[in-house]
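Structural characterization, general
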Amino acid sequence: MLTVAIVGKPNVGKSTLFNRIIKVNKSIVDDEPGITRDRIYANAEWLTQKFKLIDTGGLMLDEFDFKKQIELQVNYAIDEASIIVFLVSYKEGINNDDYYVAKLLKKYKNKKIILAVNKAESRPVNFGDEHEFLKFGFQKPYFISANHGIGIGDLLDAVINTKQEDIKDNIDTFKFCIIGRPNVGKSSLVNCILNEDRMITSPIANTTRDAIDTNFKRNGILYTIIDTAGIRRKGKIQENVDKYAYLRVEQSISRSNLIIVMLDGSEPFNEQDEVIAGLAYKANIPSIIVVNKWDIVKDKNEKTMNQFIKNIRIKFKFLSWSPIVFLSALENKRVNSLFDEINKIKTNLTQKFNTKMLTDLVMKLQMLNSPPFFNGGRIKVNYVTQVKSQIPTFILFCNNPNFLHFSYARYLENEFRKSLDLTNVPITLYFKNKTDKIRGKDNYNE
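Residues numbered from 1 in each chain as written. Predicted model: local features only at pLDDT ≥ 70, side-chain atom pairs only at ≥ 80, totals over all residues. Heavy atoms only, no water.

1. Things to note about the overall build of the chain
Counted only if it meets this: By the criteria applied, helices consist of DSSP H or I runs no shorter than four residues and strands consist of E runs no shorter than two, each listed in order from the N terminus. Here's how the labels work: a residue is buried when its accessible area is under 20% of the maximum for its type, exposed when over 50%, partly exposed in between, all with a 1.4 Å probe on protein chains only. In what follows, residue pairs with any heavy atoms lying within 4.5 Å of each other are defined as contacts. Residue-level accessible areas treat just the shown protein chains as cover; the underlying method is Shrake-Rupley with a 1.4 Å probe.
Secondary structure summary: the chain contains twelve helices and 17 strands in total. Across the 446 residues of the chain, 52% fall into the buried class. Restricting the contact set of the chain to residue pairs at least 6 apart, pairs at least 24 apart contribute 72%. In the form shown here, the chain has an accessible surface area of approximately 22300 Å², with 47% of it arising from carbon and sulfur atoms.

In structure tokens:
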């Protein structure tokens, strides 16, 4: 598969072009220069030809806090890409920053460079000013307007007409995202896991604003890690960028098989940590609570970890099934223990149980603890079946679901989790009338 990277100085419209091509508002778009700091990935398609598209942070000659790191990210993107779309602005014209980008691109002799001049909607047809852009030393430019969709087809024709070797995608990956308030060390954990400076890290809060997908292999298993922006309190989400980032976190959660809820062990847990953990609970998918910066927790002794666990179980009691991992992303300590828990959860999610075993279990549980009389009757579960779902999901066929008291539902759920060794994942029990049928052919026990 072709891999295409969009490169250019800040505010030339890279993210707008990215969004235009993939037809989704994935990259954050704003008039403020330097909004996109990390690499953003997406799959794209033109005339049945599929390719991978990368948006990058803006390169510029003038020094600023993130200049060197953004340049590093762009270089990584260029290394991954087979085609580079070098984007400049017709409206703002060419300056030293554009020549600086062109100079960097000329180092890559084996890359196809396509020059695109954005914001050219006001340019007269056949105006004859191409020579200004030929100074970069690349082939003829494509004049486009990413905002208005002008010239995009010609640009994409040039992209897909470039012959490249097919690259196989890692399709069967286990996806997990990392969420947490700003500066708890999410990007540091990504870097630690990937063993490269894949994400920009900084002691300044809110460095990461976009969600980034990265495929990687660990011990022969394929994963996709999704890093997200730090979540502020809703009352403090004032800039458009922060609003977009908050929505991006919710989107990242919806695409994940597992959520890592990251806490800062060097600071007291606060209300915002509980709000963020609540997003994981609401998603109803597996989660792991990670206490980062364990290396700088003061006055540790043999009881400190147990005290932390007790405090976490009180504050996050709605995630009682979530395992807790203590680590230091910065020092790469105890990261293996995180993957031990991830793989346990991955195993839990693929377990299948036959109807006879599940029905025997529920019969035994009803004998040990009879259901209470409720709503004019007493519930009786006749048989149980497992159905395919993102988390272990069971349908319990009974005489009347209206007779179910919430305390008895909780009892059955807890016992199912223990008996089936599903202690580290959420499970779902649906109670249906025994005369109902399961629609479709999505159950495991046909």
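2. Comments concerning unusual backbone geometry
Of note, leucine 47 is a non-glycine position whose phi angle comes to about 50°, a positive value. Mapped onto the elements of the fold, leucine 47 is located in the loop between β2 (40–46) and β3 (49–55). Look at leucine 47 and you get exposed, because its relative accessible area is 56%. A positive phi angle, close to 70°, is found at arginine 334, a residue other than glycine. Along the chain, the position of arginine 334 falls in the loop between β12 (324–326) and α10 (335–350). Residue classification places arginine 334 among the partly exposed positions, given a relative accessible area of 41%.

3. Let's talk about the pairing of strand β5 (residues 112–118)
Counted only if it meets this: Pairing between two strands is assigned when DSSP locates at least 2 bridges connecting them. Clockwise travel from the first strand over the helix to the second, with the strands pointing away from the viewer, marks a crossover as right-handed.
Summarising burial for β5: six of the seven residues are buried, a large majority. Strand direction decides the pairing type here: strand β4 (residues 83–89) and β5, joined by seven bridges, are parallel. Across the sheet, residue isoleucine 84 finds its bridge partner in β5, namely isoleucine 113. The parallel pair β4 and β5 is bridged by helix α3 (residues 96–105), and the resulting crossover is right-handed. Sheet analysis places β5 next to strand β6 (residues 142–143), joined by two bridges and oriented parallel. Following the sheet pairing, valine 117 is matched in β6 by phenylalanine 143.

4. Digging into the packing of aromatic side chains
Rules: Only Phe, Tyr and Trp rings are paired, with Trp represented by its six-membered ring, and only when their centres lie within 6.5 Å; those with planes under 30 degrees apart are stacked, over 60 edge-to-face, the remainder tilted. Sitting over a ring, as applied to charges here, requires NZ of Lys or CZ of Arg to be within 6 Å of the ring centre and within 35 degrees of the ring normal.
Per the counting criterion, the structure on display carries 23 aromatic pairs. Three or more aromatic residues link up through ring pairs in this structure, and these residues are Phe269, Tyr281, Trp294, Phe308, Phe316, Phe318 and Phe326. Here the basic side chain of lysine 106 rests over the ring of phenylalanine 138, its NZ or CZ set 5.9 Å away from the ring centre.

5. Let's talk about the nonpolar core
Filter applied, for reference: For our purposes a nonpolar core is just a set of buried Ala, Val, Leu, Ile, Met, Phe, Trp, Tyr and Cys residues, chained together by side-chain atoms within 4.5 Å.
Membership of the largest hydrophobic core comes to 51 residues, with the highest contact counts inside it found for Phe176, Leu338, Phe394, Leu396, Leu412, Phe416 and Phe431. Counting residues per element, this core draws most heavily on α10, which supplies six residues. In contact with phenylalanine 176, other than residues within four places in its own chain, are Phe216, Tyr223, Thr224, Ile225, Ile226, Ser256, Leu258, Ile260, Phe339 and Ile342. Leu2, Val4, Ala44 and Leu155 belong to the second-largest nonpolar core, a separate cluster that totals 26 residues.

6. A closer look at the sheet that holds β5
Spatial ordering of the open sheet is given by β2-β3-β1-β4-β5-β6, a layout of six strands whose pairing is mixed. On the outer flanks of this sheet lie β2 and β6, each paired with one strand and no other. Pairing of β2 with β3, which is carried by seven bridges, proceeds in the antiparallel orientation. Counterpart to isoleucine 40 in the pairing with β3 is aspartate 55.

7. Some remarks on the environment of lysine 119
Put simply, the test is: Within 3.5 Å is the distance limit for a polar contact, defined as a pair of N or O atoms, with the added protein rule that one can donate a hydrogen and the other accept it, and that residues adjacent in sequence qualify only through two side-chain atoms.
As for its placement among the helices and strands, lysine 119 is situated in the loop between β5 and α4 (131–134). Spatially, the C-alpha atoms of lysine 119 and alanine 146 are 7.0 Å apart, while their sequence positions differ by 27 residues. If we ignore the near neighbours within four places in the chain, the residues touching lysine 119 are Asn11, Val12, Gly13, Ser89, Tyr90, Lys91, Glu92, Ile144 and Ser145. Among the polar contacts listed, one links the side chain of lysine 119 to the backbone oxygen of asparagine 11, at a separation of 2.9 Å. Separated by 3.5 Å, the side chains of lysine 119 and glutamate 92 make a polar contact.

8. Describing the packing of helix α11 (residues 355–368) against helix α12 (residues 406–419)
For the record, the criterion: Lines fitted to the C-alpha atoms define the axes, with helices restricted to the stretch that makes contact. Angles between their N-to-C directions range from 0 to 180 degrees. The cut-offs work like this: below 35 degrees is roughly parallel, past 145 is roughly antiparallel, 65 to 115 is roughly perpendicular, and the gaps in between are oblique. The sense of a crossing depends on the near helix, which, turned anticlockwise from the far helix by less than a right angle, makes the crossing left-handed and, turned clockwise, makes it right-handed.
At their nearest, the axes of α11 and α12 sit 11 Å apart, and the two run at 130° to each other. In terms of axis orientation, α11 runs oblique to α12. Note on packing geometry: the crossing formed by α11 with α12 is right-handed. Between α11, through Leu358, Leu361, Val362, Leu365, Gln366 and Leu368, and α12, the contact on the second element is made entirely by Tyr408, Tyr411, Leu412, Glu415, Phe416 and Ser419.

9. Side note on the pattern of salt bridges
Note the following rule: The salt bridge criterion pairs a side-chain nitrogen of Lys or Arg with a carboxyl oxygen of Asp or Glu, the two atoms within 4 Å.
Tallying each qualifying case throughout the model produces eleven salt bridges. Salt-bridge contacts for glutamate 267 lead to arginine 181; the nearest nitrogen and oxygen are separated by 3.2 Å. With glutamate 267 in the loop between β10 (258–264) and α8 (271–283) and arginine 181 in the loop between β7 (174–179) and α6 (186–194), this residue pair connects regions lying 86 residues apart in the sequence. For glutamate 267, a relative accessible area of 38% translates into the label partly exposed.

10. Things to note about the environment of asparagine 95
Within the secondary structure, asparagine 95 is located in the loop between β4 and α3. Separated by 86 residues in sequence, asparagine 95 and lysine 9 have C-alpha atoms that sit 9.8 Å apart. Side-chain polar atoms of asparagine 95 contact the backbone nitrogen of aspartate 97, separated by 3.0 Å.

11. Some words on the sheet that holds strand β15 (residues 381–387)
Taken together, three strands build an open sheet; the order of strands is β15-β16-β17 and the sheet is mixed. Single-partner strands in this sheet number two, and they are β15 and β17 (428–433). With direction set aside, neighbouring strand axes in the sheet form an average angle of 25°. Looking at chain direction, strand β16 (residues 393–398) and β17 are connected through six bridges and run parallel.

12. Here's the deal with α10
For clarity, the cut-off: Here a helix's expected span is defined as the number of its residues, less one, multiplied by 1.5 Å.
Between its first and last C-alpha, α10 extends 23 Å over 16 residues, near the 22 Å set by a 1.5 Å rise per residue. The set of residues buried in α10 consists of Val335, Leu338, Phe339, Glu341, Ile342, Ile345, Asn348 and Leu349.

13. Some thoughts on the confidence of the model for the chain
Here is the rule we go by: pLDDT expresses how confident the predictor is about each individual residue, on a scale running from 0 to 100.
Overall, the prediction assigns the chain a mean pLDDT of 82, with 78% of residues at 70 or greater. By mean pLDDT, the top-scoring element of the chain is β12 (97), and the lowest-scoring one is helix α7 (residues 240–254) (63). This stretch, residues 164–171, has a pLDDT under 50; its non-local contacts, to residues over four places away or in other chains, come to ten contacts. With pLDDT under 50 throughout, residues 204–209 is counted as low confidence; its partners more than four residues away or in other chains account for 28 contacts.

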